[in-house]
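Summary of the model geometry
Each chain, letter by letter, is given below.
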Amino acid sequence: MNSRSSAPVGRAAADVLRIVSDPGTPVFATVQHEGGRRRYGYWRPLGSAPGQGACYVALPTAVCDELHAARRIVLGEPLVDPARTTYRVRAARAVTPAAAPRRTAARVTPLAA
């Protein structure tokens with residue numbers, strides 16, 4: 001059963017999916033224990049050379065929540081600490097329908113005349 005939405009996504013959602021799908025960009029969701037506030041983000045280096053620094057980049061929560069509800073992104077195993085729970089966010093794998101069994105033609109022996 002494929003319950004993942006195949007509906008087209010808008011530009012903001014496409015940007016989020018591009019970031020989440022990049023294996024070199026780990027994206028995380030944090031849920032605050034008090035209030036249940038959810039935030040999505042990733043750590044981005046400022047340059048490719050070592051020592052150039054990095055910054056935390058927040059992703060739009062509403063867009064990420066919509067992608068999660070549509071099963072376009074999934075949350076990994078929880079890492080719980082006293083103030084929050086953190087999940088790794090990944091793009092959902094596309095579920096392809098099972099291949100139909102191949103029909104092979106029976107070998108026909110010509111009738112003797």
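Just above, that's the structure.
Below or above, wherever it landed, is the structure these notes cover. (Residues numbered from 1 in each chain as written. Predicted model: local features only at pLDDT ≥ 70, side-chain atom pairs only at ≥ 80, totals over all residues. Heavy atoms only, no water.)

On the secondary structure map, Thr86 appears in strand E6 (residues 84-91). Judged by its relative accessible area of 17%, Thr86 falls in the buried class. The residues touching Thr86, leaving out its near neighbours within four places in the chain, are Phe28, Ala29, Thr30, Glu77, Pro78 and Leu79. (Helix = DSSP H or I, 4+ residues; strand = E, 2+ residues; numbered from the N terminus. Buried < 20%, exposed > 50% of the residue type's maximum accessible area, 1.4 Å probe, protein only. Contact = heavy atoms within 4.5 Å.)

This paragraph deals with the nonpolar core. Counting residues in hydrophobic clusters, the biggest one holds 16 residues, and the most contacted among them are Val16, Val27, Tyr40, Leu59, Leu67, Ile73 and Val89. Sort the elements by how many residues they give to this core and helix H1 (residues 11-21) lands first, with 5 residues. Leave out the neighbours within four places in its chain, and Leu59 touches Val16, Ile19, Val27, Tyr40, Gly41, Tyr42 and Cys64. (Core = buried A, V, L, I, M, F, W, Y, C linked by side-chain atoms within 4.5 Å.)

With that settled, the discussion passes to H1. All of the buried residues along H1 are Ala13, Val16, Leu17, Ile19 and Val20. Taken down its axis, H1 places every buried residue within 165 degrees of arc, on the same side. Facing away from the buried side of H1 by over 90 degrees, the exposed positions are Arg11 and Arg18. Those residues of H1 that are buried are in contact with strand E1 (27-32), strand E2 (38-45), strand E3 (54-59), helix H2 (61-69), strand E4 (73-75) and E6. (Arc of directions from axis to C-beta.)

From the geometry alone we can't say anything about function, so treat these as descriptive.
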